[in-house]
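What the coordinates show
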Amino acid sequence: MRIVTLEEHISFPEMADQIPKAALGSFGRSEAMQRIAPKLADITGERLKSMDANGISMQVLSVDSSGVNLLSPQQGPAFATQYNDLIANRIAGFEKRFTAFAHLPMTAPFAAADELERAVKEHHFCGAMIRGLTGDQFLDHPQFAPIFERAQKLDVPIYLHPGLPPKGVADIYYSGLPNYSGMAEALACYGWGWHSETALHVLRLLFSGIFDQYPKLKLVIGHMGEMLPMMMARSEKAFKPGNGGANVRTLTDTFRSQVYLTTSGFFTQPPLKIALDTFGIDHVMFSVDYPFSTNEMGIEFLNEIDLPDEEVARIAHGNADKLLNLKA
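So, here is what we can say about the structure in this document. (Residues numbered from 1 in each chain as written. Predicted model: local features only at pLDDT ≥ 70, side-chain atom pairs only at ≥ 80, totals over all residues. Heavy atoms only, no water.)

On to the overall build of the protein, then. Along the protein, the regular secondary structure elements total 16 helices and nine strands. Computed over its C-alpha atoms, the radius of gyration of the protein comes to 19 Å, within 12% of the 20 Å expected for a compact globule of 328 residues. Taking all 328 residues of the protein together, the buried fraction comes to 56%. Taking the contacts inside the protein whose residues are at least 6 apart along the sequence as the reference set, 78% of them involve residues at least 24 apart. Put simply, the protein shows about 14,100 Å² of open surface, and 56% of that area lies on carbon and sulfur atoms. (Helix = DSSP H or I, 4+ residues; strand = E, 2+ residues; numbered from the N terminus. Rg over C-alpha atoms; globule rule 2.2 N^0.38 Å. Buried < 20%, exposed > 50% of the residue type's maximum accessible area, 1.4 Å probe, protein only. Contact = heavy atoms within 4.5 Å. Areas by Shrake-Rupley, 256 points an atom, 1.4 Å probe, with all protein chains shown as cover.)

Now the structure itself:
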C-alpha cells in the first residue's frame, strides 16, 4: 500500500546557524535535541533508508522551529528563498519520494505570499507550513490576509504547526519551575503548551471569520487535531453563529469542509477514533513526525487501525494525494 507522511521535519545547519540564539532562547539545547540534529539535516541517507525499510512511499518535508519566523522583515524574505531553493536542490532526482511545504517569511506577509507562489510554481511544493505565532500575532490579524488570498488562489493548503511561545507567555506559563532557569521546554512545547496554543489558533481563525472570508482555504493541523477533536462538542455550542464571533457557519460545518488533521506523533487508537468521529474519514491523514517520532512506531500504529482496507488506504495516502495533488 502507498503511504504518504505529511509532517516530517528537516533543519539544515547552515541555515539554522543564521538564527540569532537569543530568538531561540533555551529551545533546542537539550541533549535529546542535539542527538536528533543530524537526522534533521539528512534527507536521502538514513531518512530514505528508514522510509524504504518501513514501506513509506513519500515524505512531505518541512523546516523545523529554528527558521525564518524568528527573523526580521528585512532578513526574512532572502532567508526563506535560500531555504526553499536548498530543499528543492536536495530532493532533486527524488521527486517521487519527497516534496515539501514552503518556508515562508511570515514577518513580511506580502513577500511570504510571493514566496509561496514561487515555491509552488518553480519547485512544485504542495503548500506552506506556518509555525505558530508571528511575533505576538495570530494569523487572524489583517496583515496576514495576502497569504490566505494567495493560498486560496493557488489551491494549496497551509499546514499550521506549533511554534515557540511568545516570551510573555513563556515567562508566565512555563517558567519559574524547579530545575529550570528559563522556559521548561517539554511543558511549553511538545508535552502540552504548543498543542493547546495551536487549538486556540484554529479557534481564533473560526471566531474571527477567516474561514468564511476564504471559503476555499484548506488548513492542516497535526498531532491528531491538537486537542480539538476531544473538545468539538463543547466548542460547537460555544461558537455557534451569532454567539459573538464573526463566523457565519458552525464549527463542525467549517472544520469538515476546510480543516484537515494528521496523526503525527500520536500512535494510539482512542484519539484516532475521536478524530474520525468528529472530523470524518476524508479529513484524517497519516503522518509520523519524523525524526521526533520513528517510522517504526508510525507503521505499527497504521497496521493496527481496525477499519476496512479501503478506509485505511484513504488515511495512509488517498486523502493526502487528493489534498496535495500528489501523484504516485
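Now that the structure is up, let's keep going.
Looking now at helix α4 (residues 46-54). Listing the buried residues of α4 in full gives Arg47, Leu48, Ser50, Met51 and Asn54. Each buried residue of α4 lies within a common arc of 160° when the element is viewed along its axis, so the set occupies one face. Turned more than 90 degrees off the buried face of α4, the exposed positions are Lys49 and Ala53. (Arc of directions from axis to C-beta.)

Moving on: the nonpolar core. If you look at soluble globular proteins, the nonpolar side chains tend to sit buried side by side. Leu116 and Phe255 are the most contacted members of the largest nonpolar core, which totals 78 residues. Broken down by element, the residue count for this core peaks at seven residues, all from helix α5 (residues 76-91). Every residue in contact with phenylalanine 255, bar those within four places of it in the chain, is listed here: Val202, Leu203, Leu206, Phe211, Leu228, Met232, Phe279 and His283. Counting residues in hydrophobic clusters, the runner-up holds 15 residues, among them Phe101, Tyr159, Tyr260 and Leu324. (Core = buried A, V, L, I, M, F, W, Y, C linked by side-chain atoms within 4.5 Å.)

Since the α-helix packs 3.6 residues into each turn, any two residues three or four apart lie on the same face. The first and last C-alpha atoms of helix α10 (residues 193-207) sit 21 Å apart over 15 residues, in line with the 21 Å expected at 1.5 Å per residue. Taken as a whole, α10 has its buried residues at Gly193, Trp194, His195, Glu197, Thr198, Ala199, His201, Val202, Leu203, Leu205 and Leu206. Positive backbone phi, at 85°, marks glycine 209, one or two positions downstream of α10. (Expected span 1.5 Å × (residues − 1).)

Turning to the sheet that holds strand β3 (residues 98-100), a few remarks are in order. Taken in spatial order, the three strands line up as β1-β2-β3 in an open sheet, and their pairing is parallel. Only two strands of the sheet have a single neighbouring strand rather than two, namely β1 (4-10) and β3. Between one strand axis and the next, the sheet turns by 35° as a mean value, whatever way the strands run. Here β1 pairs with strand β2 (residues 58-63) via five bridges, running parallel. Opposite isoleucine 10, over in β2, you have valine 63 as the bridge partner. Where helix α16 (residues 309-324) meets the sheet, its contacts fall on β1 and β2, and the angle it forms with β1 comes to roughly 75°. (Pairing = 2+ DSSP bridges. Axes fitted to C-alpha atoms, helices over the stretch in contact; angles between N-to-C directions.)

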